[in-house]
Amino acid sequence: MSESGDAQSRGALDAALRRRWGWLPYRVIAGFALLACGVAVLCDIVMWFLVEGYNPLAQTISELGAGPHHEIQDTGIVVFVVGVLSLTLGLVLRGEGDGKSWAVRGAFLLLGADIALIALWNEYGDGDVGGPVIHRYLLMALYLLVPAVLWLGTSVPPARGDRLAKIGKAAALAWLPFAPLFYVVPETVNGAYERLLALVMLGAVAAAAWPLYQKPQEGAQ
């Protein structure tokens, strides 16, 4: 299918959805992405109290994913992944057909896939017999994907406003030097620093979902 034909198909589906249900489908899609960010945070906090002796300031999220009751932590992450994929669907339906718009869709799709593997591929090089240890490579991919969604996700349709785009780009630039510091910060604050980085990632998703959740101004396409 040609690029123009693809755009026409997506535009026709978008128009059909809005004729029948108005902006409700996009509110549901984006609203679920926003809710998924909250669920991920809630599951992490619940785990602090379930895992005996766990210190969220010093111990990482990955330690929860590899320890007792890890199903709760994995559930929160999987719900977040579904939220990211839901947002990707909304961006496909509402976004433009230019290369930048497709780049942000691809970035969100890869982000969801990467986080899903982080949650479900429980091989950390801890000596257990299992599959190949790819956790480090998944984290490297995450390091590159987060600034991509921060930079692109706040500056392509349906996002509106220069202020949000400027904040997203500033956060993306800050991420690049500050994220690797996780490996050199004191062990007493490892968990806190990782959670700060995770909140930046959640914020990137929420920032892209919020404009989609809002109904366009009168006359907007």
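Rules used in this analysis
- Residues numbered from 1 in each chain as written.
- Predicted model: local features only at pLDDT ≥ 70, side-chain atom pairs only at ≥ 80, totals over all residues.
- Heavy atoms only, no water.
- Helix = DSSP H or I, 4+ residues; strand = E, 2+ residues; numbered from the N terminus.
- Buried < 20%, exposed > 50% of the residue type's maximum accessible area, 1.4 Å probe, protein only.
- Contact = heavy atoms within 4.5 Å.
- Axes fitted to C-alpha atoms, helices over the stretch in contact; angles between N-to-C directions.
- Parallel < 35°, antiparallel > 145°, perpendicular 65-115°, else oblique.
- Left-handed = near helix turned anticlockwise from the far one by under 90°.
- Nonpolar A, V, L, I, M, F, W, Y, C, P; charged D, E, K, R; others polar.
- Expected span 1.5 Å × (residues − 1).
- Patch = residues over 30% accessible without salt bridge, like charges linked within 9 Å, V, L, I, M, F, W, Y side chains within 5 Å.
- Areas by Shrake-Rupley, 256 points an atom, 1.4 Å probe, with all protein chains shown as cover.
- Salt bridge = Lys/Arg side-chain N within 4 Å of Asp/Glu carboxyl O.
- Core = buried A, V, L, I, M, F, W, Y, C linked by side-chain atoms within 4.5 Å.
- Phe/Tyr/Trp six-rings, centres within 6.5 Å; stacked < 30°, edge-to-face > 60°.
- Lys NZ or Arg CZ within 6 Å of the ring centre and 35° of its normal.

Caption draft 1: Spatial organisation of the overall build of the chain. For the chain, the count of helices and strands is 8 helices and 0 strands. From first element to last, N terminus to C terminus, the chain shows the α and β order α-α-α-α-α-α-α-α. Within the chain, buried positions represent 41% of all 221 residues. Contacts in the chain between residues far apart in sequence, at least 24 positions, make up 70% of those at least 6 positions apart.

Caption draft 2: Representation of the packing of helix α2 (residues 24–50) against helix α4 (residues 70–94). At a closest axis distance of 8 Å, the pairing of α2 and α4 adopts a crossing angle of 165°. As the angle between them shows, α2 and α4 are arranged roughly antiparallel. Considering how the two elements wind past one another, α2 and α4 form a crossing that is left-handed. Of the residues in the contact of α2 with α4, the class split is 18 nonpolar, 6 polar and 2 charged.

Caption draft 3: Representation of helix α5 (residues 99–120) in the model. Its 22 residues give α5 an end-to-end C-alpha distance of 31 Å, which sits within 8% of 32 Å, the value for a rise of 1.5 Å per residue. Listed as buried for α5 are Ser-101, Val-104, Arg-105, Ala-107, Phe-108, Leu-111, Gly-112, Asp-114, Ile-115, Ala-116, Ile-118 and Ala-119.

Caption draft 4: Expanded view of a nonpolar patch on the surface. Nonpolar side chains collect at one region of the surface, where Phe-32, Leu-35, Val-78, Val-82 and Leu-120 lie side by side and expose about 420 Å² of accessible area between them. Every element with two or more residues in the nonpolar patch is listed here: α2 and α4. A relative accessible area of 40% means that Val-82 is categorised as partly exposed.

Caption draft 5: Local environment of the pattern of salt bridges. With the rule as written, the count across this model stands at 1 salt bridge. In this structure, Asp-44 and Arg-195 form a salt bridge, with 2.8 Å as the shortest nitrogen-oxygen distance. Linking Asp-44 in helix α2 with Arg-195 in helix α8 (residues 190–213), this pair joins segments that are 151 residues apart in sequence. By the burial criterion, Asp-44 is buried, and Arg-195 matches it.

Caption draft 6: The nonpolar core, seen in detail. In this structure, Phe-80, Leu-87, Phe-108, Leu-111, Ile-115 and Val-205 are the most contacted members of the largest nonpolar core, which totals 44 residues. Of all elements in the fold, only α2, α4, α5, α6 (135–153), α7 (162–178) and α8 reach the threshold of two or more residues within this core. Ranked by residues supplied to this core, first place goes to α8 with 9 residues. Apart from residues no more than four positions distant in its own chain, Phe-108 is found in contact with Val-84, Leu-87, Thr-88, Leu-91, Val-149, Gly-153, Ala-204, Val-205 and Ala-208.

Caption draft 7: How the structure looks around the packing of aromatic side chains. According to the stated counting rule, one finds 3 aromatic pairs in the structure shown. Centroid distance Trp-23 to Tyr-26: 4.7 Å. Interplanar angle 35°. Geometry classified as tilted. On the accessibility criterion, Tyr-26 (0% relative accessible area) is buried. Here the aromatic rings of Phe-182 and Tyr-183 are separated by 5.2 Å at their centres, their planes lie at 75°, and the arrangement is edge-to-face. Judged by its relative accessible area of 16%, Phe-182 falls in the buried class. A cation sits over an aromatic face here: Arg-105 above Trp-102, 4.1 Å from the ring centre.

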